[in-house]
Amino acid sequence: MSNKHRNYSVLMFPWLAHGHAFPFLELAKKLAKGSNFHICFCSTPSILNSIKQLDKFSLSIQLIELHLPSLPELPPQYHTTKGLPPHLMPTLKEAFDMASPSFFNILKNLSPDLLIYDLIQPWAPALASSLNIPAVYFLVSSAATSAFMFHAIKKNSLGDANDDDEEFPSSSIFIHDYYMKSYFSNMVESPTTKRLLQCFERSCNIVLIKSFRELEGKYIDYLSDLIKKKVVPVGPLVQDPVEQTDHEKGATEIIHEYFLSKEEMEDIALGLELSGVNFIWVVRFPCGAKVKVDEELPESFLERTKERAMVIEGFVSHCGWSSVMESMRLGVPIIAMPMHVDQPLNARLVEDVGIGLEVRRNKCGRIQREEMARVIKEVVMEREGEKIKRKTREMGEKIKEKGEEEIEWVADELIHLFG
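If you're wondering where the values come from, they're calculated on a predicted model, not measured in any experiment.

Draft legend 1. Quick look at unusual backbone geometry. Even without glycine at this site, Asn132 takes up a positive phi of about 60 degrees. Mapping Asn132 onto the fold places it in the loop between helix 5 (123-130) and strand 5 (135-139). Take Asn132: its relative accessible area is 72%, and that puts it in the exposed class. With phi around 70 degrees, Ser300 is a residue other than glycine that occupies positive phi space. Assignment of secondary structure puts Ser300 in the loop between helix 13 (293-296) and helix 14 (301-305).

Draft legend 2. Representation of the pattern of salt bridges in the model. Evaluated as defined, the whole model comprises 15 salt bridges. Taking the shortest distance from any N to any O, the salt bridge between Lys228 and Asp225 comes out at 3.8 Å. What makes Lys228 exposed here is its relative accessible area of 66%. With a relative accessible area of 45%, Asp225 lands in the partly exposed category. Salt-bridge contacts for Arg360 lead to Glu358; the nearest nitrogen and oxygen are separated by 3.9 Å. In this structure, a network of salt bridges that share partners links the residues Arg348, Glu351, Glu358 and Arg360.

Draft legend 3. Quick look at the nonpolar core. Phe103, Ile116, Leu208 and Leu414 are the most contacted members of the largest nonpolar core, which has 105 residues in total. The residues touching Ile116, leaving out its near neighbours within four places in the chain, are Val10, Leu11, Met12, Phe13, Phe24, Leu31, Val136, Phe138, Leu208 and Leu414.

Draft legend 4. Layout of the sheet that holds strand 1 (residues 8-13). Spatially, 7 strands are ordered 3-2-1-4-5-6-7 in an open sheet, and the strand pairing comes out parallel. Edge positions in the sheet fall to strand 3 (61-65) and strand 7 (230-233), since each has one partner strand and no second. Within the sheet, the average angular offset between the axes of one strand and its neighbour, ignoring direction, is 25 degrees. Of the pairings in the sheet, the one linking strand 1 to strand 2 (residues 37-43) comprises 5 bridges and is parallel in character. Along strand 2, the bridge assignment pairs Met12 with Phe41. Across the sheet, helix 4 (residues 100-110) is in contact with strand 1, strand 2, strand 3 and strand 4 (114-117); its angle to strand 1 comes to roughly 170 degrees.

Draft legend 5. Representation of the packing of aromatic side chains. A complete count under the given rule lists 14 aromatic pairs for this structure. Ring centres of Phe96 and Trp123 lie 5.4 Å apart, and the angle between their planes is 65 degrees; on these two criteria the pair is classed as edge-to-face. Here the residue Phe96 occupies a position in helix 3 (residues 89-98), and Trp123 occupies one in helix 5, the gap between them amounting to 27 residues. Comparing Phe96 with Trp123 shows no difference in burial state: the two are buried.

Draft legend 6. Representation of the state of the cysteines within the structure. One pass over the structure, following the stated rule, counts 0 disulfides. A disulfide-free cysteine, Cys42 has its sulfur positioned 9.1 Å from the sulfur of Cys40, the nearest such atom.

Draft legend 7. Geometry of helix 9 (residues 191-201). Among the residues making up helix 9, those that are buried are Thr193, Leu196, Cys199 and Phe200. Taken end-on, helix 9 shows its buried residues confined to a sector of 115 degrees, consistent with a single buried face. The exposed set on the far side of helix 9, more than 90 degrees from its buried face, consists of Pro191 and Glu201. The inward-facing, buried residues of helix 9 abut strand 4, strand 5, helix 6 (143-154), strand 6 (206-209) and helix 10 (213-227).

Draft legend 8. Expanded view of the pairing of strand 7. Of the strand pairs in this sheet, strand 6 and strand 7 are connected by 4 bridges, and their pairing is parallel. Bridging across to strand 7, Val207 finds its partner in Val231. With respect to chirality, the unit in which strand 6 leads through helix 10 into the neighbouring parallel strand 7 is right-handed.

Draft legend 9. How the structure looks around the side chain of Ser141. One can find Ser141 in the loop between strand 5 and helix 6. Residues within four places of Ser141 in sequence aside, it is in contact with Ser146, Ile209, Lys210, Trp321 and Asp342.

Draft legend 10. Inspection of the packing of helix 6 against helix 9 at higher detail. Close contact between helix 6 and helix 9 brings their axes to 12 Å; oriented N to C, the two are set at 105 degrees. Of the possible angle classes, the one that applies to helix 6 and helix 9 is roughly perpendicular. On helix 9, the residues touching Ser146, Met149, Phe150 and Ile153 of helix 6 are Thr193, Leu196, Leu197 and Phe200. Of the residues belonging to the contact of helix 6 with helix 9, the class tally is 6 nonpolar, 2 polar and no charged.

Conventions used here
- Residues numbered from 1 in each chain as written.
- Predicted model: local features only at pLDDT ≥ 70, side-chain atom pairs only at ≥ 80, totals over all residues.
- Heavy atoms only, no water.
- Helix = DSSP H or I, 4+ residues; strand = E, 2+ residues; numbered from the N terminus.
- Buried < 20%, exposed > 50% of the residue type's maximum accessible area, 1.4 Å probe, protein only.
- Salt bridge = Lys/Arg side-chain N within 4 Å of Asp/Glu carboxyl O.
- Core = buried A, V, L, I, M, F, W, Y, C linked by side-chain atoms within 4.5 Å.
- Contact = heavy atoms within 4.5 Å.
- Pairing = 2+ DSSP bridges.
- Axes fitted to C-alpha atoms, helices over the stretch in contact; angles between N-to-C directions.
- Phe/Tyr/Trp six-rings, centres within 6.5 Å; stacked < 30°, edge-to-face > 60°.
- Disulfide = S-S within 2.5 Å.
- Arc of directions from axis to C-beta.
- Right-handed = clockwise from strand over helix to strand, strands pointing away.
- Parallel < 35°, antiparallel > 145°, perpendicular 65-115°, else oblique.
- Nonpolar A, V, L, I, M, F, W, Y, C, P; charged D, E, K, R; others polar.

In structure tokens, the structure reads:
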């Protein structure tokens, strides 16, 4: 029987973050549309409970619960990064590692034809290999970010990676000094980076990536060259947008944030006020924090801006990769305020492609209200902003036009793994 006429079972295994689980779910749903794939989706009950509706895909996607060991400081509701107090992140990663024997039993019982895994768990492909199950790494961040990291490792330091004399595909992708001195200063030698490298190494022949060539073609090719494996873009994997209310449609811009300090929140608030534009500002506080929004903002800010603003609490991000894709899909220019991890490099890519502008911090890494106001005005009200809006709409149209093109290619690549 031809491989294309066989049925294959695929086990999807993301990291315990919604920003990872939902790209995995979107890929699962698209693969399940074809007749060749039966999809199993493995995660903790906390993650699976967030997947409320699978619609017509419910018959072809099987949800598999992975139970983490009981730790006093990590109750079941914290078996996800959503709402997790930051100091418990190492504990969650430890518990996840401790669940590897349970995952091994799941692999043995399901005996899938293929495992698709995420960046935190290099033990997953190792366990699959011990059972002769091929495994493929699915990268849910940008090609530019991973290519820059590998480039940095190749040149031995991030400082060298920022050197204009080095042959990185674009001089527009670099790390600002204030990020270099903080999060990225030890990235090359960090345990997390070592895990990530193992995930690339243990992927069978190919690596899947949440991207598309029109956006990141040169970075996809460069990453493939660096890791000596074919990098296969699966597309943007953006959910269809929900219907907006008239009030939401009338808003000029949506600003996202990620656990800002009180000082940073005040600077952003005053920058928004100085800009003179209409806005919706979504703020987020750690789960369980007893905080009133009005007490965290400058005095009388809500009263002064009530005619042109709405400040609400909710889920937000700072130029996370999925947010970048969603903004393009909706044709909304990006005002980038990155915080950490891949966000600073995503912000550089956003400017490089021409779909947004970054709010630059001062030498101490603090957001300045005048810079905030300047960027908002430029994107929303000035001529340069019109170019950005036009480019963002063009990218959104490309996303819509692509449809299932990448997924068909991805399916063929996966089937070829079976010989």
